[in-house]
Amino acid sequence: MSLRFYNTLTQELEVFTPLAGNTVRMYTCGPTVYNFVHIGNFRTFTFQDILRRWLRYRGYKLDHVMNVTDVDDKIIINAAKENKSIEDYTAIYTKAFFEDAAALRLQQPEHVAPATKHIPEMVKAIEELAAKGFTYTNEGSTYYRIASFPAYGKLSHNDFSGMRSGVRVDVDEYDKADARDFVLWKAHRNNEISWDTPFGKGRPGWHIECSAMAMSYLGETLDIHAGGVDLIFPHHENEIAQSEAITGKPFARHWLHSEHLQIESQKMSKSLGNFYTLRDLLEMGYQPEAIRYLLASVPYRKKLNFTFEGLKAAAKTIERLRDFELRVSSTKLPAGRNQAVAERTAEAIRQFEAGMDDDLNTAEALAAIFEYVRAMNTTIDEGYFQEENRWDAARVLEIFDCVFDVLEATDPAKLPGVQAQPTAPAIGDAEIEAYIEERTQAKKSRSFARADEIRALLLEKGIVLEDTKEGVRWKRK
RNA sequence: GGCGCGGUAGCCAAGUGGUAAGGCAGAGGUCUGCAAAACCUUUAUUCAGCGGUUCGAAUCCGCUCCGCGCCUCCA
């Protein structure tokens, strides 16, 4: 089965292949750095990360560009409020964004493109649009004339053919010829940040940065363009209008959009008090791996209902997988390789791959992993799992983790934005081993009270003991 | 009003014509000095409701109810 994605443009599931060679040229819409980005934003960025990782698993090289919008109305307003320059203000939240992204183990795109570092590219794009007659100016601002691009609406599947200039009663309220037109370049006013250009002093409109940067890094036609569903219209529609007006060629071949996240079945909003940033959740003590798992486990085109019950369930699920990993690596096993296990391993990998290939159906892919884990636990219980089967199980976990990346625990000291927690007093391995030895002796002499006391004492320090056939196994909680 | 997405067990969720995956939670059990972990059994005769098509529908069609998103800068 080949890799397939749902394409917003065609509204169909399509087989994916890059346009040229083995490299996937991908553009994703990144953050606007006017504040800490919230957990809903990270749902989309996590989807993009899973997409990246699966493309790489499938043997493709990536050339991925993500923009950072570091000049816009909200940034200008917020920076002014804090009496900071645009640069100083956005630097804070850009840094925070990448710290958060790292905590969620999001891979860095090959190129991170801040808008303010690409003004010449935008100027060039606007000049090309002007030369081809797609623009007009009004009071120092430059606008895109939608009426000159008949295909407008093809991505969002809206029919704008009936809309004409003057239809809207309040057209005079806008300084545009048509209410649907959008601004390419905003005229300079007050003391706002601005750049000098042949078409006037000012700053870029939102949409032009993506067209200009995408094409300057990746060429005229991208393989994949991705973002949240709310960007379909108008942002991505406008990107198409700009880019295709310039090149006359399709801007992106596959448009992938992730659905929104809801909190406890409600829209996340500040007024409802259910607005969370990653740092809020970390502050509450939730593990970044659990958050990542929860965000990744619901297929990206489905609304994700974020609940704290779900977040706790995610943490338990990860623990189950980590326990399995520990069991496979630490249990004493008979020599050899059980062929049935080897075959079951291949089957699990096939199932996992089939799920991911099917438009990144992570729920189905995960089911393959859990069915495998249960089957292998049973095999171990029954004594049929052999020494060399360790590699089989490790292979499955490795494939799982190269996409989901949640098995390794994060050092709590390295969480962004979290004050140093009063953690359990540290205890060294040697001391733990000494306690375990004492407890083993206590058990031998049937001093169970002392044995339980040691277990409790270690638990307080975050050490969990498990008695197995081959002796005591311990792990840090 | 237009366009689009969705309603599957206590919660999350797969399944888009052939008789309900998986995770978490709950109950009972095996193992254990006790635990933990693991495993087993169990928890939807039923997929928002009603009607239709079909040998057969959660899956297709129609209607109704409910939730959500976009329709000028929100992932």
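Preceding this paragraph is the structure being described.
Here goes a summary of the coordinates provided. Along each chain, residues carry numbers from 1 onward, in the same order as the chain's sequence is written. As a convention, the first chain written is A and the first ligand written is 1, with the rest following in written order. Reporting of local features is limited, given that this is a predicted model, to residues whose pLDDT is at least 70; pairs of side-chain atoms are given and counted only at 80 or more, and all residues count toward the totals for whole chains, interfaces and linings. Side-chain measures here rest on the full set of heavy atoms in the structure, leaving out hydrogens and waters.

Looking now at the pattern of salt bridges. By definition here, a salt bridge exists when the distance from a side-chain nitrogen of Lys or Arg to a carboxyl oxygen of Asp or Glu is within 4 Å. In this structure the tally under the stated criterion is 37 salt bridges. Close ionic contact of K95 with E99 constitutes a salt bridge, the shortest N to O distance being 2.9 Å. Placement of both K95 and E99 in helix α3 (residues 86-103) is noted, with a separation of four residues, approximately one turn of the helix. Of the charged contacts, one joins R439 and D467 as a salt bridge, the two residues approaching to 3.0 Å between their closest N and O atoms. Placement of R439 in helix α13 (residues 429-444) and of D467 in strand β14 (residues 463-468) is noted, with a sequence separation of 28 residues between them. By relative accessible area, which is 2% here, R439 ends up buried. Residue classification places D467 among the partly exposed positions, given a relative accessible area of 39%. Taken together, the salt bridges that share partners define one network made up of D49, R53, R105, R292 and D405. Numbered from the N terminus, helices here are DSSP runs of H or I no shorter than four residues, and strands are runs of E no shorter than two. Classification of residues uses two cut-offs on accessible area relative to the type maximum, computed with a 1.4 Å probe and protein chains only: under 20% is buried, over 50% is exposed, and between them is partly exposed.

Strand order across the open sheet formed by five strands is β5-β4-β3-β10-β11, with parallel pairing between neighbours. The open sheet has two edge strands, β5 (111-114) and β11 (252-258), and neither has a second partner. Sheet twist, expressed as the average angle between the axes of neighbouring strands with direction ignored, equals 20°. Between any two strands, at least two bridges found by DSSP are needed for them to pair. Across four bridges, strand β4 (residues 61-68) lies against β5 in parallel orientation. The residue of β5 that forms the bridge with M66 is V112. Helix α5 (residues 206-218) rests against β3 (23-28), β4, β5 and β10 (222-228) of the sheet, and its axis sits at about 150° to β4. As a rule, the C-alpha atoms of each element are fitted with a line to give its axis, helices using only the stretch in contact, and angles between N-to-C directions run from 0 to 180 degrees. The contact criterion used throughout is that any non-hydrogen atoms of two residues lie within 4.5 Å.

Those residues of helix α2 (residues 73-81) that sit buried are I75, I76, N78 and A79. Taking the backbone nitrogen of K74 as reference, a side-chain oxygen 3.3 Å away marks D72 as the first, capping residue of α2. A positive backbone phi angle near 60° is found at N83, which sits one or two residues after α2. Contacts described as polar in this section are N or O atom pairs within 3.5 Å, which, within protein, must combine one atom able to donate a hydrogen with one able to accept it, while residues neighboring in sequence count only if both atoms come from side chains.

Turning our attention to the layout of surface pockets. In this structure, the second largest pocket encloses a volume near 1,000 Å³. Here a cavity denotes grid points, spaced 1 Å and computed from the protein atoms alone, that fit a 1.4 Å probe unable to get out, and a pocket denotes an open set having protein on both sides within 12 Å along at least 5 of 7 lines; residues with an atom within 4 Å of a point are the lining. Every residue lining the second largest pocket is counted, 33 residues in all, and those nearest its centre are Y34, H38, N41, D230 and H260. Looking at the lining of the second largest pocket, the elements with two or more residues in it are α1 (39-57) and β12 (261-263). With four residues, the top contributor of residues to the lining of the second largest pocket is α1. Throughout this entry, Asp, Glu, Lys and Arg are counted as charged residues, while Ala, Val, Leu, Ile, Met, Phe, Trp, Tyr, Cys and Pro are counted as nonpolar. The remaining residues, Gly among them, count as polar. The class makeup of the residues in the lining of the second largest pocket is 11 nonpolar, 15 polar and seven charged. Grid points are joined across faces, edges and corners, and a volume is the space filled by probe spheres set on the points.

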